[in-house]
Amino acid sequence: MDLVRAGKSKAEIHASTGSMIGVENATFDIKAGEIFVIMGLSGSGKSTLLRLLNRLIEPTAGSIVVDGKDITSMSRAELIELRRRDMSMVFQSFALLPNRTVLSNAAFGLEVAGVGLAERSEKALNALEAVGLRDYANSKPDELSGGMKQRVGLARALASEPTILLMDEAFSALDPLIRTEMQDELMRLQAEHSRTVIFVSHDLDEAMRIGDRICIMQHGRVVQIGTPDEIVSNPANDYVRSFFRNVDVSHVFKAGDIARKSQLTIIDRQGVSGAAALEQMEKTGREIAIVVGRDRKYHGMVSQEALVDRIKSRSADPYRHAFLQDIEPIAEDEPLANVLGVVAGHRWPVPVVDARGRYVGSISKSSLLETLDRVG
């Protein structure tokens, strides 16, 4: 520890003492209810960091605070109670007992904790129901597929109704298709009953798909923490940049991330005429304008061409009749992958709105190309 405090590197300390630093000076907060993914190359310290959180590995120094309580100062009895009540762990290995039924495996942690048969069976059945395996309660593990076995492992962790779920490369041993199904299952369970999930992974696609935030580790240190789009947009160094070099950004960003408020907006209120709107557009040199209410809600889009046509035809209300009919706004949380075809298929920028229908910006072909051009 003196060498660590003196600023010696992990390699230097190993060379001089034979001791290995697993995690060094990792300081961060994990938010309640988020999926926090820890990733890095093999040997970066990610699994060690996860095991420090429930003291499967004892920290040499520092503190680990859960709901205001430092677990490094807890007695063995207090730590066991914390693990039984608040923390469960899912490992890469299914670790199912072959001589027990699926129900008995799911209830095993509760059995060890001394929970009565009736109560633990009920909780285990509920957990199996949550992962879609209630009908297999009386089956043996060798009758299940790999994905089903991992669901039993997940049910075993859920049976104690934890607030914190630690998952150590839980899906990495599964085939790609089954792994995707398990990721979907985790996100479905999270939507139904929000828990704090700390998920270790070496799979970038997995981290980007399920992580609310991602923690990148290198040589036992935390290099960067951020949302997927924050890390893609602003990688901390070349190590992080190398992770994300081949990422398809269309699956990272959402419409709201690249929407720009560069278009002319007109407030839709009493007294706004087609001629007044046209004059604003001509003065600013804009071919189109976004029409919003005083509450910022999106009303529509007009073009100079449409306004001129309506005014020439002496339409009773040329301003409102000039709204472009073939453009529907995009929700700000729509993945960019779903936006590409919509923007490409329109002559004009496509408006983006929030959950309350308020205008947040527009996506043009040029802004879309700038986002997709990762070098630019």
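Computed from a predicted model, the values in this text were never measured in an experiment.

(A) Representation of the pattern of salt bridges within the structure. Within the structure shown, the criterion is met by 18 salt bridges. D2 is the salt-bridge partner of R5, the closest N and O atoms lying 3.5 Å from each other. Of this pair, R5 and D2 both sit in helix α1 (residues 2-5), separated by three residues, roughly a single helical turn. Overall, the relative accessible area of 61% leaves R5 in the exposed class. Residue D2 is classed as exposed on the basis of its relative accessible area of 62%.

(B) Structural context of the environment of S63. Relative to the assigned elements, S63 resides in the loop between α3 (46-52) and β2 (65-66). Residues S63 and E185, 122 residues apart in the sequence, show an inter-C-alpha distance of 33 Å. Among all residues touching S63, those that are not within four sequence positions of it are D70 and T72.

(C) Inspection of the pairing of strand β5 (residues 164-168) at higher detail. The element β5 is largely enclosed, with a buried count of five among its five residues. Burial of the side chains of β5 extends over both faces: I164, L166 and D168 are buried on one face and L165 and M167 on the other. Handedness of the crossover joining β5 and strand β6 (residues 196-201) through helix α9 (residues 176-192) is recorded here as right-handed.

(D) Summary view of the sheet that holds strand β7 (residues 213-218). Here we have six strands laid out as an open sheet, ordered β4-β5-β6-β1-β7-β8, and mixed in their pairing. Edge strands, defined here as strands with exactly one partner in the open sheet, are β4 (87-90) and β8 (221-226). This sheet shows a mean twist of 20° between the axes of neighbouring strands, independent of strand direction. One ladder, built from five bridges, connects strand β1 (residues 35-40) with β6; its direction is parallel. Note that in β6 the partner of I35 across the bridge is V197.

(E) Expanded view of a nonpolar patch on the surface. A cluster of nonpolar side chains, L56, I57 and F91, forms an exposed patch at the surface whose accessible area comes to about 230 Å². Within the fold, I57 resides in the loop between α3 and β2. Exposure remark for I57: the relative accessible area of 32% places this residue in the partly exposed category.

(F) View of the UniProt feature "domain: ABC transporter" (unreviewed entry) in the protein chain. The feature "domain: ABC transporter" (unreviewed entry), as given by UniProt, occupies residues 1-244 in the numbering adopted here. Annotated as 42% helix and 15% strand, the span residues 1-244 places its first and last C-alpha atoms 33 Å apart.

(G) Here's a closer look at the environment of Y359. Relative to the elements of secondary structure, Y359 occurs in strand β14 (residues 359-363). Looking at Y359, the relative accessible area reads 5%, which means it is buried. Here the alpha-carbon distance between Y359 and T163, two residues 196 residues apart in the chain, equals 37 Å. Sequence-distant contacts of Y359, that is, excluding residues within four places in its chain, are made with R260, K261, Q263, T265, I290, V292, R296, K297, Y298, P351, V352 and V353. A polar side-chain atom of Y359 sits 2.7 Å from a polar atom in the side chain of S362.

Rules and cut-offs
Residues numbered from 1 in each chain as written. Predicted model: local features only at pLDDT ≥ 70, side-chain atom pairs only at ≥ 80, totals over all residues. Heavy atoms only, no water. Salt bridge = Lys/Arg side-chain N within 4 Å of Asp/Glu carboxyl O. Helix = DSSP H or I, 4+ residues; strand = E, 2+ residues; numbered from the N terminus. Buried < 20%, exposed > 50% of the residue type's maximum accessible area, 1.4 Å probe, protein only. Contact = heavy atoms within 4.5 Å. Right-handed = clockwise from strand over helix to strand, strands pointing away. Pairing = 2+ DSSP bridges. Axes fitted to C-alpha atoms, helices over the stretch in contact; angles between N-to-C directions. Patch = residues over 30% accessible without salt bridge, like charges linked within 9 Å, V, L, I, M, F, W, Y side chains within 5 Å. Areas by Shrake-Rupley, 256 points an atom, 1.4 Å probe, with all protein chains shown as cover. UniProt positions renumbered as here; feature names shortened; annotations may be inferred. Polar contact = N/O pair within 3.5 Å; in protein donor to acceptor, adjacent residues only side chain to side chain.

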